[in-house]
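# Notes for the structure review
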Amino acid sequence: MIKELLIVLLLLAGCFFFLAGTLGLLRFPDLFSRLHALTNADNLGLGFIAAGMALYIASPWTSVKIFLIWILTLLSSATSSYLIARFQRGQDKSKNRREE
Amino acid sequence: MDILIDILLALLSVYLAFRCMLAPKLSKAVFVFFAFGLTLALAWIRLGAVDVAIAEAAIASGFMGVLLLDSLRDFSLTFSKNHNVIEVKPNNSVEVKNRSELFPKIGLGIGLLLFLLISLEAVWNIPEGGGLTALAGSKISESGVEHPVTAVLLNYRAYDTWLEIGVILMGLLAIFAAGGIKQYRKAGITPSQDPILRQAILIFIPVLFLFGAFLLYFGKMGPGGAFQAAVMWGAIGILLHLGGWPVFTEIPRRLRLLMLTAGLGFFLFLGLIFMTTGGALFEYPPAYAGLLILMIETFGAVSIAAALTAIFAFLTK
């Protein structure tokens, strides 16, 4: 009973972060704050959902796999966010230089 | 609950397909295409076809999407460079272009209609009792593998798979004929000099290699196999290439061509050996079938991975 409650709580927390991230992605004004919202969804949202699923499946081997999936997603989302931000910063810089 | 998810998936994939076609901007179409591919992969999982789902997610959505994204970047680079030239063009040349586009549109329409009719026919006439499923299952002990899909692809219908590898090679030949080596002339630091990107690529490469090898071997007993493994290994080449290490183009030309043709060649070589020993083209002796299939899949995966990398390295204007 307590386990089920915990699973539901974890999944709900994950859904909340996904919702918040999506809302931020749609509503935030510029690229950097949007990226910030997106990383929330990726890292925390997926993390909570992965934790909930691992608890639900309750097999140690599958839990390790789910954990690995989360780690890989963290790595790729962090790298791609960094690359997008770097590209945008490079563009801003060259635009400023042109305006000067 | 399940039916809710299924209905949602079905609606979502059709909606995304329309959004992809009707997107006002090319970049938007590409991103919707990614999402569309993922919903299709989920739909395949819901249908119980995990093999197709992996192939769909990896090749159709992942590889095609990245290829489209890459060409979108090239396209926007050339477009912004030639922007003035395009604007100067007189209006009547555009009209001529519109008229000449009518014929391909009619052809495409007829083709799609035929395809729709054929698929409707195929759905209507699903054979009673599952068709050849029972037959495929009963011979599985002789096929050398335990997974029915792999048995069909690499034993019962090896001819199809052999030709599929050939089709990829044919496409690549066209790219070789039309393209050249892609050059990155962008100012500033190259991607390989960026510490974070370099580290991320170095972390991902062993993971991709290991996972590809796992999929290759696992194809014997479950969903997986040469094509899925090839995408993982091809992703290594593509990552290296986009990260600024053009490794593939620096391999000696002969070795590169050998890598590209190894899958098709080894497959054909084995088939010819079977023929000379009195069997049919791809009739493996049951005792060695498992080992031979694994060898064919390994060579095939290397070839397809090399082809996928080559498409990236050589597809350019």
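Keep in mind that this is a model prediction, so the values were computed, not measured.

With that settled, consider the overall build of chain A. In terms of helices and strands, chain A carries 3 helices and 0 strands. When contacts within chain A are restricted to residue pairs at least 6 apart in sequence, those whose partners lie at least 24 apart make up 71%. Surface accessibility of chain A: about 7,100 Å² in total, with carbon and sulfur atoms responsible for 72%.

Another aspect to go through is the packing of helix α2 (residues 31-57) of chain A against helix α3 (residues 60-99) of chain A. Residue and element names in this part refer to chain A. Relative orientation of the contacting elements α2 and α3 amounts to 175°, with a least axis distance of 10 Å. The pairing of α2 with α3 is recorded here as roughly antiparallel in orientation. When its residues are assigned to classes, the contact of α2 with α3 shows 13 nonpolar, 9 polar and 3 charged.

Counting residues at the interface gives 8 residues for chain A and 9 residues for chain B. Counting each side, the surface lost to burial between chain A and chain B is near 720 Å², with a carbon and sulfur contribution of 78%. Counting across the interface, chain A meets chain B through 0 salt bridges. The interface formed by chain A and chain B holds 0 residue pairs in polar contact (both at pLDDT 80 or more) in total.

Once that is clear, we can look at the nonpolar core. Residue and element names in this part refer to chain B. With 50 residues, the main nonpolar core has Phe63, Trp233, Leu260, Phe267, Tyr284 and Ile296 as its most contacted residues. Among the elements of the structure, α3 (50-81), α9 (148-156), α10 (158-178), α11 (195-218), α12 (226-242), α14 (253-276) and α15 (289-314) are those that each provide at least two residues to this core. With 15 residues, α15 is the largest single contributor of residues to this core. Look past the residues within four positions of tryptophan 233 in its chain and what remains in contact with it is Leu208, Phe209, Gly212, Ala213, Leu216, Ala301, Val302 and Ala305. Listed in part, the 5 residues of the second largest apolar core include Cys20, Val32, Phe33 and Phe36.

Let us look at the environment of isoleucine 5 of chain B. With respect to the secondary-structure elements, isoleucine 5 of chain B resides in helix α1 (residues 2-22). Considering only alpha carbons, one finds isoleucine 5 of chain B and arginine 46 of chain B, 41 residues apart in sequence, at a separation of 9.1 Å.

Glancing now at the confidence of the model for chain B. Averaged over every residue, the pLDDT of chain B is 80; residues scoring 70 or more account for 86%. For residues 83-96 of chain B, every residue scores under 50 in pLDDT, and the model assigns this stretch 1 contact once sequence neighbours within four places are set aside.

What follows covers the pattern of salt bridges. Opposite charge on two side chains makes pairing possible when the charged atoms of those side chains draw close. Residues and elements named next belong to chain B. Per the counting criterion, the structure on display carries 2 salt bridges over all chains. As a salt-bridge pair, aspartate 2 and arginine 46 come within 3.8 Å of each other at their nearest N and O atoms. With a gap of 44 residues between them, aspartate 2 in helix α1 and arginine 46 in helix α2 (residues 26-46) connect regions that are remote in the sequence. Its relative accessible area of 48% is what places aspartate 2 among the partly exposed residues. Between arginine 46 and aspartate 6 there is a salt bridge, with the nearest N and O atoms lying 2.7 Å from each other. Placement of arginine 46 in helix α2 and of aspartate 6 in helix α1 is noted, with a sequence separation of 40 residues between them. Relative accessible area serves as the criterion here: at 29%, aspartate 6 is assigned to the partly exposed category. Linked by salt bridges that have partners in common, Asp2, Asp6 and Arg46 make up one network.

A contiguous nonpolar surface patch, about 1,100 Å² in accessible area, is contributed by Leu102, Ile106, Ile110, Leu113, Leu114, Leu116, Leu117, Ile118, Leu120 and Trp124 of chain B. For leucine 120 of chain B, the location among the structural elements is in helix α6 (residues 102-124).

Conventions and cut-offs
- Residues numbered from 1 in each chain as written.
- Chains lettered and ligands numbered in written order.
- Predicted model: local features only at pLDDT ≥ 70, side-chain atom pairs only at ≥ 80, totals over all residues.
- Heavy atoms only, no water.
- Helix = DSSP H or I, 4+ residues; strand = E, 2+ residues; numbered from the N terminus.
- Contact = heavy atoms within 4.5 Å.
- Areas by Shrake-Rupley, 256 points an atom, 1.4 Å probe, with all protein chains shown as cover.
- Axes fitted to C-alpha atoms, helices over the stretch in contact; angles between N-to-C directions.
- Parallel < 35°, antiparallel > 145°, perpendicular 65-115°, else oblique.
- Nonpolar A, V, L, I, M, F, W, Y, C, P; charged D, E, K, R; others polar.
- Buried area = accessible area lost by both parts, 1.4 Å probe.
- Salt bridge = Lys/Arg side-chain N within 4 Å of Asp/Glu carboxyl O.
- Polar contact = N/O pair within 3.5 Å; in protein donor to acceptor, adjacent residues only side chain to side chain.
- Core = buried A, V, L, I, M, F, W, Y, C linked by side-chain atoms within 4.5 Å.
- Buried < 20%, exposed > 50% of the residue type's maximum accessible area, 1.4 Å probe, protein only.
- pLDDT = per-residue confidence, 0-100.
- Patch = residues over 30% accessible without salt bridge, like charges linked within 9 Å, V, L, I, M, F, W, Y side chains within 5 Å.

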